[in-house]
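Here's the letter readout for the chains.
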Amino acid sequence: MAIERCFNIDPQTARRLINETKHMTNDKSGESNFYQTKTYLFDEYAVLRMQNMLYRNVSTSDADLKHLENIAMTLLDLQATGINVVPILAYQCDNGTGYMVQPRAKGAELYDREKMNDPTYVLSRVAMLAAAPQVHYDRFVADIIAIVDAGILIDFMGKDNFFYDASCGFQFIDLNAHDDHVYGLTDMKPQGKQVAAFGGFLPCYYDIASHYRDTVTSLLASLTAAQRTALIQNNKAIFEQCKSALVHNGVEQQAINDMLSHERFIPQKQVLGLV
Ligand SMILES: Nc1ncnc2c1ncn2[C@@H]1O[C@H](COP(=O)(O)OP(=O)(O)OP(=O)(O)O)[C@@H](O)[C@H]1O
Ligand SMILES: [Mg+2]
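Only a predicted model underlies this, so the values are computations on that prediction, with no experimental measurement involved.

(A) Molecular detail of the sheet that holds strand β2 (residues 28–29). The antiparallel open sheet is built from 6 strands, whose spatial order is β1-β7-β8-β4-β3-β2. Only two strands of the sheet have a single partner each, and these edge strands are β1 (3–6) and β2. Pairing of β2 with strand β3 (residues 38–41), which is carried by 2 bridges, proceeds in the antiparallel orientation. Across the sheet, lysine 28 pairs through a bridge with threonine 39, a residue of β3. Of the strands in this sheet, β1, β3, β4 (45–50), β7 (90–94) and β8 (97–103) touch helix α1 (residues 11–21), which is tilted by about 60 degrees from β4.

(B) Just the sheet that holds strand β9 (residues 108–109), in detail. Strand order in the open sheet made by the 3 strands is β9-β10-β11, with antiparallel pairing throughout. In the strand order of this sheet, the two ends are held by β9 and β11 (169–172), each with one partner. Looking at chain direction, β9 and strand β10 (residues 162–165) are connected through 2 bridges and run antiparallel. Bridge pairing links glutamate 109 to phenylalanine 163 in β10.

(C) Structural view of helix α5 (residues 192–199). All of the buried residues along α5 are Gly192, Val195, Ala196, Ala197 and Gly199. Residues of α5 that are buried sit in contact with α4 (134–149), α7 (225–248) and α8 (253–261).

(D) Quick peek at the environment of isoleucine 88. Locating isoleucine 88 in the fold gives a position in the loop between α2 (66–80) and β7. Isoleucine 88 sits 88 residues away from asparagine 176 along the chain, and the two C-alpha atoms are 8.6 Å apart.

Criteria and thresholds
Residues numbered from 1 in each chain as written. Chains lettered and ligands numbered in written order. Predicted model: local features only at pLDDT ≥ 70, side-chain atom pairs only at ≥ 80, totals over all residues. Pairing = 2+ DSSP bridges. Helix = DSSP H or I, 4+ residues; strand = E, 2+ residues; numbered from the N terminus. Contact = placed C-beta atoms within 7 Å. Axes fitted to C-alpha atoms, helices over the stretch in contact; angles between N-to-C directions. Buried ≥ 20, exposed ≤ 12 C-beta atoms within 10 Å, placed from the backbone.

Here it is in structure tokens:
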């Protein structure tokens, strides 16, 4: 085997889990054609099989997986300080195709990409998130800031890169790359608070890239008047919790207003009654 590293897991356990997936059908899959991730779920662990593992963030070569090793260490450090990241416990890679072993995230995807056309699912997610405590939102924003400031890239383009669980709150998965600044691709180091003003609204119901995938329009059209009112009210409650969390974490009101006034940010905010 070309490369194998284990961090907070013994190699036998990691190898056993990886071998078991060879007789399993994957439970989930990634969206990116490049990595073609297939996810296999165990009670405590998730095993991800992927292509092109020797590339970080598509464009940066990581032939010896030193970047990935560095990321794995940083994630464990973040976790040790109470940040809700799902770390990398082990990886194996042979010629670019490989496996990662992670703890299984608790709860469920913030919003599951496969279920966004299902009104019952969306209504129940939004009602549940509206009832989530403010401390979970505060921690979500605090964690975004800490992860970004540690140079780790958060993929905000997928709401299934975040999990929510009533006991431990929001968790971050799919943390496989540093930001471009770490790789020397830009002079601009991302600032945690600035990134949070964008990513902190992710728990709201909206399409991140509605020009590419619009699930909101058809879902709204399929709701009864009462369902629509409930959706809009609960979503507004989530929106307010996100805003409060940003303020509680020291994000300037001006930065929040600037973000919200941007027409490309939550393009559906009017139809969703958020503003
Ligand atoms: N540790 C985990 N615990 C539970 N589920 C997971 C875990 N890791 C991944 N998954 C599931 O597998 C899916 C794909 O994983 P991941 O997002 O890491 O892959 P990806 O290739 O980066 O996907 P994409 O590029 O489309 O964002 C996730 O959206 C989630 O549903
Ligand atoms: Mg993902």
